[in-house]
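# Topology and contacts: notes
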Amino acid sequence: MTEERKSVAAAAGIDPRLLEILVCPLTKTVLRYDAERNELVSLAARLAYPIRDGIPIMLPEEARRLEDDAA
Amino acid sequence: MRATLFTRRPRAHIGAVTHPPQIFDRALLRRRLARAARAPCDFLAHRVAEDFVYRLSGISRPFANALDYGSPHPAAAQALAAPGRKILRAAPSLHAESADLVIDEEFSPFAPEKFDLVFSALSLQWVNDLPGVFAQLRRSLAPDGLLLAAMVGGQSFVELRHCLTQAQEEFEGGASPRVFPFVDLRDLGGLLQRAGFALPVADCDAVVVRYDNLFALLRDLRGMGATNILAAGARRPLSRRVLLRAAELYQQNFSDPDGRIRASVEILWLSGWAPHESQQKPLRPGSAQIPLSSALGDKSKI
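Let us look at the structure shown here.

## Brief notes about the overall build of chain B
A count of helical and extended segments in chain B gives 10 helices and 7 strands. Looking at the 302 residues of chain B, the share that counts as buried comes to 48%. Here the analysis covers contacts within chain B between residues at least 6 apart in sequence; of these, 78% occur between residues at least 24 apart. For chain B, the computed accessible surface area is about 15800 Å², with 56% contributed by carbon and sulfur atoms.

## Brief notes about a positive patch on the surface
All names here are of chain B. Together, Arg35, Arg38, Arg219 and Arg222 make up a region of like positive charge exposed at the surface. Elements that contribute at least two residues to the positive patch include exactly α2 (26–38) and α8 (214–223). Tracing the sequence through the fold places arginine 38 in helix α2.

## Side note on the interface of chain A and chain B
Each partner contributes residues to the interface: chain A has 19 residues there, and chain B has 19 residues. Summed over the shared surface of chain A and chain B, the result is 1 salt bridge. The closest approach of N and O atoms between arginine 30 of chain B and glutamate 61 of chain A, which form a salt bridge, is 2.6 Å. Across the chain A-chain B interface, the total number found is 7 residue pairs in polar contact (both at pLDDT 80 or more). A per-element tally of the side of chain A that touches chain B places helix α2 (residues 16–21) of chain A first, with 3 residues. For the side of chain A that touches chain B, the per-class residue count stands at 12 nonpolar, 1 polar and 6 charged.

## Comments concerning α8 of chain B
All names here are of chain B. Of all the 10 residues making up α8, 7 are buried; the element is thus mostly covered by neighbouring parts of the structure. For α8, every residue scored as buried is listed here: Leu214, Ala216, Leu217, Leu218, Asp220, Leu221 and Gly223. Of the surrounding elements, those touching the buried residues of α8 are α2, α3 (43–57), α6 (158–172), β6 (198–211), α9 (240–253) and β7 (261–273). Positioned one or two residues after α8, glycine 225 has a phi angle of 70°, which is positive.

## Details of the pairing of strand β3 (residues 47–52) of chain A
All names here are of chain A. Here β3 lies mainly inside the structure; 5 of its 6 residues are buried. Of the pairings in the sheet, the one linking strand β2 (residues 39–42) to β3 comprises 4 bridges and is antiparallel in character. Within β3, the position partnered with serine 42 by the bridge is leucine 47. Between the end of β2 and the start of β3, which pair antiparallel, lie 4 residues, with arginine 46 showing a positive phi angle near 55°. For β3 and strand β5 (residues 64–65), the ladder comprises 2 bridges, and the chain directions are antiparallel. Residue pairing for β5: alanine 48 is matched across the bridge by arginine 64.

Cut-offs used in this document
Residues numbered from 1 in each chain as written. Chains lettered and ligands numbered in written order. Predicted model: local features only at pLDDT ≥ 70, side-chain atom pairs only at ≥ 80, totals over all residues. Heavy atoms only, no water. Helix = DSSP H or I, 4+ residues; strand = E, 2+ residues; numbered from the N terminus. Buried < 20%, exposed > 50% of the residue type's maximum accessible area, 1.4 Å probe, protein only. Contact = heavy atoms within 4.5 Å. Areas by Shrake-Rupley, 256 points an atom, 1.4 Å probe, with all protein chains shown as cover. Patch = residues over 30% accessible without salt bridge, like charges linked within 9 Å, V, L, I, M, F, W, Y side chains within 5 Å. Salt bridge = Lys/Arg side-chain N within 4 Å of Asp/Glu carboxyl O. Lys, Arg positive; Asp, Glu negative; His and termini not counted. Charge placed at Lys NZ, Arg CZ, Asp CG, Glu CD. Polar contact = N/O pair within 3.5 Å; in protein donor to acceptor, adjacent residues only side chain to side chain. Nonpolar A, V, L, I, M, F, W, Y, C, P; charged D, E, K, R; others polar. Pairing = 2+ DSSP bridges.

This is how it looks when you write it as structure tokens:
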């Protein structure tokens, strides 16, 4: 991906077509896009997968664990 | 006493099924691949990419929605780019080139039936649970979708394994696992079939690579992120004298007349289709209309 494409993707957050085909890698359930934190949230796994430079990082080890009151 | 024995046994069994043995340290692999991306060694990736194009050229399908599943190098995705074809590149590390997203191949993040082609170049040899990965890939394929993958096979780097083991035994009185176990070609077809793939095919491409010496070979392995990631492997690097002895053994046993050493690499190719009613199937037993004897001729009278 070129730098230009990267910055466009980062501005848009995530490609909606990409969001449509992604599920949580651990629970295979739907993901919710959190535009404010720029994360993909799996309520079932209680994990939030980060999006860096427009690239979703679908690694459980890189995900943020959700606190009980959040989400 | 007997009761405890009975309650224990099934529990051990369930554990074995849900947690396949962790042979590879996947987080360590991601760090190795990130390091490799800085000074990549990519001749194998390019060879495999050419083969992908060749193998797909025989299939008259557009494959409009393709997924690159975990290939460390973008060569295959670049080679398969075509007008009207969308390729999503799911890379195995944060630093892989031209990634659309980053995945751990053991935990597929893709919804069912989204792709008509899934390909993977030189990545699946590092997976702990290959049957589990095949099952996940099969689900992400639309009916009549194709899985095509190349992985490093069991007959690879046998010379290196031999020399390192012998050198370690000479100096340290034993060997630690250094070169990891690979999948055997004979097992692949069965694994694909068990995962629900139709028309599974596996074949192999034997490559011999020549190097000046063992150190040049090790430098290339590092450039592919392919140095030791065994979970049970020794993390301590090999001592200098063991490496020098291994290099000497390699030169003595596996070199050409011009002094360059040979390294065998076996690339396993596998393909399978997500089932669809249009695909050829064997007839049901007993459904034949013509007796076998009419084809073979009746030999009973001779």
